[in-house]
Structure formats: C-alpha cells, structure tokens
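# Structural overview
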Amino acid sequence: ELVLVTIRLLVAMVLGAIIGFERESTGKAAGLRTHMLVAMGSALFVLIPLELGISVAEVATVIEGVAAGIGFIGAGAILKLSEEREVKGLTTAAGIWMTAAVGVAAGLGSMGIAIIGVVLAWIVLATIGQIQYLTDLKIEAKVKNEKEILEAKQKLNGGAAKQNDENADSDE
C-alpha cells in the first residue's frame, strides 16, 4: 500500500513539475514548485480518504472541496490593473486549477488521464502561447507602422501647409 501511495504522489509531483516548468520558463509567478505542490497536495487529498477506506462516492465530495479550494489559490493569482483596465493571471489561475485536476487523477490512480491532461495543458500553454505571442507581435508591428505612416503624413502636410503660408506671404 505504501509503495502505491508513493508512486501516485511521485507521478503527481512529476506531472505538476512539467506544467510548472513551462510556467517558470516563461517567467510566471506560479512556477515549478507551486505546481508540484498543488499536484501532490491534490493527490494526497484524494489518497487519504481512499487509504482510510472511505467509499469512492464520498471521495467525490473531497474532490469537490479540492476544486473549490484551489479556486482560492487561483483567485490570488489573478490581478486586476485598474489604470490599464486589464486583468492578468487568468492563465496562471487556470494552470493551477488544471494541475490540481492532474493531481486528483494521479491520486486516484488514473495515470493515463493525468498524462493526457498534462500533454494537452502543455500544448495549450506552450504551443498556443507561442502562436498568441507571435500574433500579438504582428499586431503591435502593424499598429506601430500605421502610427509612423500617420506621423509622416502629418509632417508632410505640416510642411506643405508651412510652404503654402510662405508662398502666401511672398505674394503680398
């Protein structure tokens, strides 16, 4: 029994580390250790009642508690910047929530589900994150280019208006 518990906790830790590594490598506040602890904690919350002989139906109540409780940690990761009217940390909060779900799956012994969850989370965070980053760069470049064109037109129009004023002065 102790070997099985240890294996499940180690799997949860490693899978949490995979998600956490991606977050840490992109400089996010919740990184490697946070995700490892969330995954292991979630697995432990499921393992304890299973080890005590509580029915699987009652473990569902524990899972509900984990999901609700992890929401508070996620809420702490979300920051609203009032001046910029921008909300930051939603992806971090969702990643923490996903990591908890992976930990629950590992704790229940559903390793395949946990691994698939991590692979899909990695795709969303790393791959789609890169696509989104590149798209944002293109948009920023386009906006910058449009501003430069507008400024150049204004300079030309300002220069033309100044030239017209000088021509009007010389006609007098």
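Being a predicted model, the structure only gives us computed values, none of them experimental.

Let us look at a nonpolar patch on the surface. Judged by side-chain polarity, Ile-115, Ile-116, Val-119, Leu-120, Ile-123, Val-124 and Ile-128 come together as a nonpolar surface patch covering roughly 610 Å² of accessible area. Within the secondary structure, Ile-115 sits in helix H5 (residues 111–171).

Before going further, it helps to spend a moment on helix H2 (residues 32–51). Since one α-helical turn is 3.6 residues long, residues separated by three or four positions face the same way. When the terminal C-alpha atoms of H2 are compared, their 28 Å separation across 20 residues agrees well with the 28 Å that a helix rising 1.5 Å per residue should span. All of the buried residues in H2 are His-35, Met-36, Val-38, Ala-39, Ser-42, Ala-43, Val-46, Leu-47 and Pro-49. Elements in contact with the buried residues of H2: helix H1 (2–25), helix H3 (56–77) and helix H4 (90–108). Of the residues trailing H2, Gly-53 is marked for its positive phi of about 85 degrees.

The interhelical angle for the contact between H1 and H2, taken along N-to-C directions, is 155 degrees, at an axis separation of 7 Å. It follows from the interaxial angle that H1 and H2 lie roughly antiparallel. As H1 packs across H2, the resulting crossing turns out to be right-handed. Facing Val-5, Arg-8, Leu-9, Ala-12, Met-13, Gly-16, Ala-17, Ile-19, Gly-20, Phe-21, Arg-23 and Glu-24 of H1, the residues of H2 in contact are Leu-32, His-35, Met-36, Ala-39, Met-40, Ala-43, Leu-44, Leu-47, Leu-50 and Glu-51. In terms of residue class, the contact of H1 with H2 is made up of 15 nonpolar, three polar and four charged.

On to the pattern of salt bridges. It is possible for side chains of opposite charge to pair when their charged atoms get near one another. As enumerated under the stated definition, the model contains one salt bridge in all. Note that Arg-23 is salt-bridged to Glu-22, the shortest N-O span being 3.6 Å. Each of the two residues, Arg-23 as well as Glu-22, counts as buried.

Take Gly-69: it is sitting in helix H3. Each C-alpha atom of the pair Gly-69 and Trp-97 lies 9.7 Å from the other, and the pair is 28 residues apart in sequence.

Conventions and cut-offs
- Along each chain, residue indices are assigned from 1 in the same order as the chain's sequence is written.
- With the structure being a predicted model, the display of local features is reserved for residues of pLDDT at least 70 and the display and counting of side-chain atom pairs for 80 or more, all residues being used for whole-chain, interface and lining totals.
- Hydrogens are left out, water is left out, and the side-chain values use all remaining heavy atoms of the structure.
- Nonpolar side chains (Val, Leu, Ile, Met, Phe, Trp, Tyr) within 5 Å and like charges within 9 Å form the patches, drawn only from residues with over 30% relative accessible area and no salt bridge.
- Each accessible area is a Shrake-Rupley estimate made with a 1.4 Å probe; only the visible protein chains count as cover when residues are assessed.
- Salt bridge, as used here: a side-chain nitrogen of Lys or Arg that lies within 4 Å of a carboxyl oxygen of Asp or Glu.
- Only DSSP runs of H or I reaching four residues or more are called helices, and only runs of E reaching two or more are called strands; each is numbered from the N terminus.
- Expected helix span is given by 1.5 Å per residue-to-residue step, counting one fewer step than there are residues.
- Remark: exposure states derive from per-residue accessible area (1.4 Å probe, protein chains only) relative to the maximum for the residue type, with buried under 20%, exposed over 50%, and partly exposed in between.
- Throughout, a contact is declared for two residues whenever any of their heavy atoms are within 4.5 Å.
- Helix axes use the C-alpha atoms of the stretch in contact, all axes being lines fitted to C-alpha atoms, and the angles between their N-to-C directions lie in the range 0 to 180 degrees.
- Orientation is classified from the angle alone, with under 35 degrees giving roughly parallel, over 145 giving roughly antiparallel, 65 to 115 giving roughly perpendicular, and any other angle giving oblique.
- Here a crossing is called left-handed whenever its near helix is offset anticlockwise from the far helix by less than a right angle, and right-handed whenever the offset is clockwise.
- Amino acids outside the nonpolar list (Ala, Val, Leu, Ile, Met, Phe, Trp, Tyr, Cys, Pro) and the charged list (Asp, Glu, Lys, Arg) are all regarded as polar, and Gly is one of them.

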